[in-house]
Amino acid sequence: MRLLAFLTALVAVLLVAAPAQAHVRATSVSVDLRGQGDGVAAVVDVEYDVLARLLSLDGALSPDAVGVDGAAPEVPTEVRRRSLDAHTSDVAAYVGGRLRLSRGAIGCTAEDDARVELADSGAARVALAYDCPASGMLTVRSDIFRASDGVVDETTTLVAYDIDGRRGSTLLDTAHTSVTVGRTDLLSEIPRFVRLGAEHLLFGLDHVLFLLALLLGAKRLRDVVEVATAFTVAHSVTLVLAAIGWVSVPGWIVEPLIALSIAFVALDNLLSPKTSHRLPVVLGFGLLHGLGFAGALSVDGPLSASTLADLVSFNVGIELVQLTIIALAFPALLFLRRVATTPVAARALMLGTVAATVAVAGAGLVWFVERSPLLT
């Protein structure tokens, strides 16, 4: 029976880890705009794997080998860096052609000295300079990674700006591809940032598996409340600190450790049935996951009412999905434990729990290897 459970776990590892290699459903783009007067500087971060497939860069992955959240670096760092150096003009032309700025009815002119590099997060970073001599408010339109390109289904673009003393941020998507600086409506932005936070957790399978690993080890409702509270407080702290730039840890460090946290908690469920020691562990890993959540947001400069509302809304979206997962998974787990009253049923439930726990741990270890620059 134990051998059967182990074999089941191995199969489950492959099934659980497979979504990290699925077709790109959604990706995100980050645009940071700064300017005073005629000059506007734009720093754009895009997912390398999506860009590589679109422009046929070195190391471009096949359609079924790109992560759904872009977190797992399938292409070695040095390959990415050399490829961007070799295709600087192509990358700059694509991003500069898809990110259009204008004042009034007059389009801004992108200068020729664009800089292309690999960011610490593993994203392709393009720094552009625009000349906007006309008067009036600045309008930003982004068509980076359109669905018609055939590479990604949906793109969310976070635009943060500090233009002529006006600071704020907004989200662009398929339905909203442009924004005029200073004309964003705070109330209309809140639901969109809530949705961004919800999608970031829901489609970030590593964060979901971490929660499930915690639930598999919980025996009582009190255990769930304690670990959920600790995780929420911890990741909220580092999410805000990292998003506003007070804490900065490279993605190549954060992402492998997040994967390792999944394996650690899952294996801890098997080796140590007691949960009294778990709060310090959850607090520590919560701080780590908050740094991962912050990868979808970036706030430069001092906090304003709008940027603070964006951060809070994003975190609310994360918490809503987290609470939904807990509300669905833990009662189901309790129900199975209560109906397993016969020795055969109890043993089957125990073996199923062990298999699920090993599968989660295996997925974490697979992602750790995939995301570690020294191991890929």
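Fair warning: this is a prediction, and the values are worked out from it, not measured in the lab.

A short note on the nonpolar core
Grouped together as the largest cluster of nonpolar side chains are 39 residues, with contacts concentrated most on L33, L51, L84, Y130, L138, I144 and F145. Look past the residues within four positions of L138 in its chain and what remains in contact with it is V40, L101, S102, R103, C108, C132, I163, V179, T180 and V181. Residues A230, L239, A242 and W367 belong to the second largest nonpolar core, which totals 37 residues.

Some details on helix α7 (residues 221-243)
In this model, α7 (23 residues) spans 32 Å end to end at C-alpha, consistent with the 33 Å of a helix rising 1.5 Å per residue. Remark: G245 follows α7 within two positions and exhibits a positive phi of approximately 90°.

Thoughts on the pattern of salt bridges
A complete count under the given rule lists 13 salt bridges for this structure. The residue D45 makes a salt bridge to R125 at a minimum N-O spacing of 2.8 Å. Separated by 80 residues along the polypeptide, D45 in strand β2 (residues 39-46) and R125 in strand β7 (residues 124-131) bring together distant segments of the chain. Look at D45 and you get buried, because its relative accessible area is 15%. Across the pair E117 and R115 runs a salt bridge whose closest N-O atoms are separated by 4.0 Å.

A word on the UniProt feature "transmembrane region" (unreviewed entry) in the chain
The feature "transmembrane region" (unreviewed entry), as given by UniProt, occupies residues 200-218, 225-247, 253-272, 279-299, 311-336 and 348-369 in the numbering adopted here. Helix makes up 95% of residues 253-272 and strand 0%, with an end-to-end C-alpha separation of 27 Å.

Structural notes on the packing of α7 against helix α9 (residues 278-293)
For the pair α7 and α9, interaxial distance at closest approach is 7 Å and the crossing angle is 35°. Relative to α9, α7 is oriented so that their crossing is right-handed. Together, E226, V227, A230, F231, A234, H235, T238, L239 and A242 of α7 and R278, L279, V282, L283, F285, G286, L287, H289, G290, L291 and F293 of α9 make up the contact between the two elements. For the contact of α7 with α9, the per-class residue count stands at 13 nonpolar, five polar and two charged.

So, the confidence of the model for the chain
Per-residue confidence for the chain gives a mean pLDDT of 80; residues scoring 70 or more make up 81%. When mean pLDDT is taken per element in the chain, β7 scores highest with 94 and helix α1 (residues 2-17) scores lowest with 45. In this model, residues 1-24 is a region of pLDDT below 50 whose contacts with residues beyond four sequence positions or in other chains number 51 contacts. Long-range and interchain partners of residues 62-73, a stretch whose pLDDT sits below 50, account for 41 contacts in this model, where long-range means more than four residues apart.

Focus: the state of the cysteines
With the rule as written, the count across this model stands at one disulfide. There is a disulfide in this structure between C108 and C132, and the S-S distance comes to 2.1 Å. On the sign convention where negative means left-handed, the S-S torsion of about 120° between C108 and C132 marks this disulfide as right-handed. With C108 in the loop between β4 (106-107) and β5 (109-110) and C132 in the loop between β7 and β8 (138-142), the pair connects residues that are 24 residues apart, well separated along the chain. Each member of the pair, C108 together with C132, is buried.

The rules behind these values
- Residue numbers restart at each chain and count upward from 1, following the sequence in its written direction.
- Residues qualify for local features only when their pLDDT is at least 70, as the model is predicted, and side-chain atom pairs are given and counted only at 80 or more; totals for whole chains, interfaces and linings, by contrast, use all residues.
- Heavy atoms throughout the structure, all of them, feed into the side-chain values; hydrogens and water do not.
- In this text, buried Ala, Val, Leu, Ile, Met, Phe, Trp, Tyr and Cys residues form a nonpolar core when linked through side-chain atoms within 4.5 Å.
- Exposed residues in this analysis have more than 50% of their type's maximum accessible area, buried residues have under 20%, and partly exposed residues fall in between, with area computed by a 1.4 Å probe over protein chains only.
- Two residues form a contact once any of their heavy atoms are found within 4.5 Å.
- For the purposes of this entry, the term helix denotes a DSSP run of H or I that reaches at least four residues, the term strand denotes a run of E that reaches at least two, and both are numbered from the N terminus.
- The span expected for a helix works out to 1.5 Å for each residue beyond the first.
- Think of a salt bridge as a Lys or Arg side-chain nitrogen and an Asp or Glu carboxyl oxygen that are within 4 Å of each other.
- UniProt positions are given in the numbering used here, feature names are shortened, and annotations may be inferred rather than shown by experiment.
- A fitted line through C-alpha atoms serves as each axis, taken over the contacting stretch for helices, and the angle formed by two N-to-C directions is quoted from 0 to 180°.
- Take the far helix as your reference; a near helix turned counterclockwise from it by less than a right angle gives a left-handed crossing, and one turned clockwise gives a right-handed crossing.
- Basically, the charged four are Asp, Glu, Lys and Arg, the nonpolar ten are Ala, Val, Leu, Ile, Met, Phe, Trp, Tyr, Cys and Pro, and anything else, Gly included, counts as polar.
- A residue's pLDDT is the predictor's confidence in that residue, given on a scale from 0 to 100.
- Disulfides are defined as pairs of cysteine sulfur atoms found within 2.5 Å of each other.

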